[in-house]
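Per-entry structural report
Listed below are the residues making up each chain.
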Amino acid sequence: NILLGRNQLSAQKTILGCSQLSLARNYVGDDDMAGDWIAVSLDLAGRVRVWTLPPDELTGNVPESPTQNRCTHEFVTEKTTGTLMAICPPRIAGDGDVVVAMARLDGTIAMIATGISTPKAKKDPSEPGTVLDTWGNGTVAMSMAWHPIQHTLAVGRRDGTVDIISASKRGYHRLTQHSYPVRAVSFTPDGELLITGSDDGFLAVWDMNRRVPTLVHHVVKAHSSWILNVTALGDSRRFVTSGADQNLQVWHLSQMHAPVHSFHGDHSVWTIKATTQRDAARLVGGSDDGWLQVYSLEDK
């Protein structure tokens, strides 16, 4: 699919490209495959574009030629970093406005209306771009991840702190193990662990089941440079880190003294995502030279 803004041409060159893309199902319930897809993009100027796509639009057979989809809503945010945002999945937020969390220059996280509401919402959606709430405070956010089950957000910051913020604002915790910017945060799919990584290569695993999140594993030099991203795999026991040292590392919680697999590339992998297509588990990595690399996650 080609996702276009209201007035964009498919061959149009853009000066400020898309820095973030986030996807979620517009459904409240236990069926992860139900509901339309919502796609939200962010560019460095703070422009947000929102698309709604049918349930099979991103999972069906690949067409011979790409289809073009115009965005449903488009707006410009103020005082945001232009580099960090994530849709709050409706299945954890409940019925009502579908919102996107966006990092602001003052260190807060703005909850911004996308102009879309869940199918069973009792009122019309708020105006696109409306700031509905602000969460947290501190230095500028470098990374964020939603908890897979609870309405809770993890935020990695420039000063090395990691904030755990719940929608009720009562469950606020600040983790202080890191001394350098935290660019990588990820919850395991079962929600029991949080994995964080910082610019000095320090990797930390936190137990989220305790009253206060507790450090249970750490690796002082998981990478020789910045940890750029981390993603937990479906079994909640393995996870993958990517670093500015051009290494991609696969870790297992039962063996934290060293990675179980390590791949070295010619370029730094800035973003990684685990996915399942046609019952085959894959890891997709995007590098700073524009390449996408696809790795198998199947056990041999």
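Description of the structure in this document. (Residues numbered from 1 in each chain as written. Predicted model: local features only at pLDDT ≥ 70, side-chain atom pairs only at ≥ 80, totals over all residues. Heavy atoms only, no water.)

**Quick word on the overall build of the chain**
Helices and strands together make up the secondary structure of the chain, namely one helix and 25 strands. Looking at the chain residue by residue over its 300 residues, the buried ones come to 47%. The contacts in the chain between residues at least 6 apart in sequence include a share of 44% that link residues at least 24 apart. As displayed, the chain offers around 15300 Å² of accessible surface, 48% of which is attributable to carbon and sulfur atoms. (Helix = DSSP H or I, 4+ residues; strand = E, 2+ residues; numbered from the N terminus. Buried < 20%, exposed > 50% of the residue type's maximum accessible area, 1.4 Å probe, protein only. Contact = heavy atoms within 4.5 Å. Areas by Shrake-Rupley, 256 points an atom, 1.4 Å probe, with all protein chains shown as cover.)

**Re the packing of aromatic side chains**
What the rule picks out here adds up to one aromatic pair. Consider the rings of Trp135 and Trp146, whose centres lie 5.7 Å apart with planes at 75 degrees: the pair is edge-to-face. Note that Trp135 is positioned in strand β10 (residues 131-135) and Trp146 in strand β11 (residues 141-146), a separation of eleven residues in sequence. By relative accessible area, which is 11% here, Trp146 ends up buried. In this structure, Arg183 packs its charged tip against the face of Trp226, placed 3.8 Å from the ring centre. (Phe/Tyr/Trp six-rings, centres within 6.5 Å; stacked < 30°, edge-to-face > 60°. Lys NZ or Arg CZ within 6 Å of the ring centre and 35° of its normal.)

**Notes on the nonpolar core**
Counting 16 residues, the largest nonpolar core has Ala101, Ile109, Met111, Trp135, Met144, Trp146 and Leu153 as its most contacted members. For this core, the secondary structure elements donating two or more residues are β7 (80-87), β8 (97-104), β9 (109-117), β11 and β12 (152-157). Contacts of Trp135, omitting those with residues within four sequence positions, involve Thr108, Ile109, Met111, Trp146, His151, Leu153, Ile165, Ser166, Ala167 and Lys169. Of all hydrophobic cores here, the second largest spans 15 residues; its members include Leu42, Val48, Val50 and Met85. (Core = buried A, V, L, I, M, F, W, Y, C linked by side-chain atoms within 4.5 Å.)

**Focus: the sheet that holds strand β22 (residues 261-264)**
Overall, antiparallel pairing links the four strands, which are arranged β19-β20-β21-β22 in an open sheet. Two strands close off the open sheet at either side, each with one partner strand: β19 (227-232) and β22. Averaged over all pairs of adjacent strands, the angle between strand axes in this sheet comes to 15 degrees, irrespective of strand direction. Pairing of β19 with strand β20 (residues 238-243) involves five bridges; the strand directions are antiparallel. Across the sheet, Val230 pairs through a bridge with Thr241, a residue of β20. (Pairing = 2+ DSSP bridges. Axes fitted to C-alpha atoms, helices over the stretch in contact; angles between N-to-C directions.)

**Points about the sheet that holds β11**
Spatially, four strands are ordered β11-β12-β13-β14 in an open sheet, and the strand pairing comes out antiparallel. Both edges of this open sheet fall to β11 and β14 (173-175), since each of them pairs with a single strand only. Pairwise comparison of adjacent strand axes, ignoring direction, gives a mean angle of 20 degrees for this sheet. Bridge count between strand β13 (residues 162-166) and β14: three bridges; the pairing is antiparallel. When the bridges of β14 are listed, Ile164 appears paired with His173.

**A few points about the environment of Val219**
Within the secondary structure, Val219 sits in strand β18 (residues 214-219). Take Val219: its relative accessible area is 10%, and that puts it in the buried class. For the pair Val219 and Ala258, spaced 39 residues apart in the sequence, the C-alpha separation amounts to 8.4 Å. The residues touching Val219, leaving out its near neighbours within four places in the chain, are Gly201, Phe202, Leu203, Trp251 and Met256.

**So, unusual backbone geometry**
Backbone geometry places Lys79, a non-glycine residue, at a positive phi of 60 degrees. Mapping Lys79 onto the fold places it in the loop between β6 (73-76) and β7. Accessibility expressed as a relative area gives 62% for Lys79, which makes it exposed. In this structure, Ser236 is a non-glycine residue whose phi angle is positive, near 60 degrees. Structurally, Ser236 can be placed in the loop between β19 and β20. Its relative accessible area of 6% is what places Ser236 among the buried residues.

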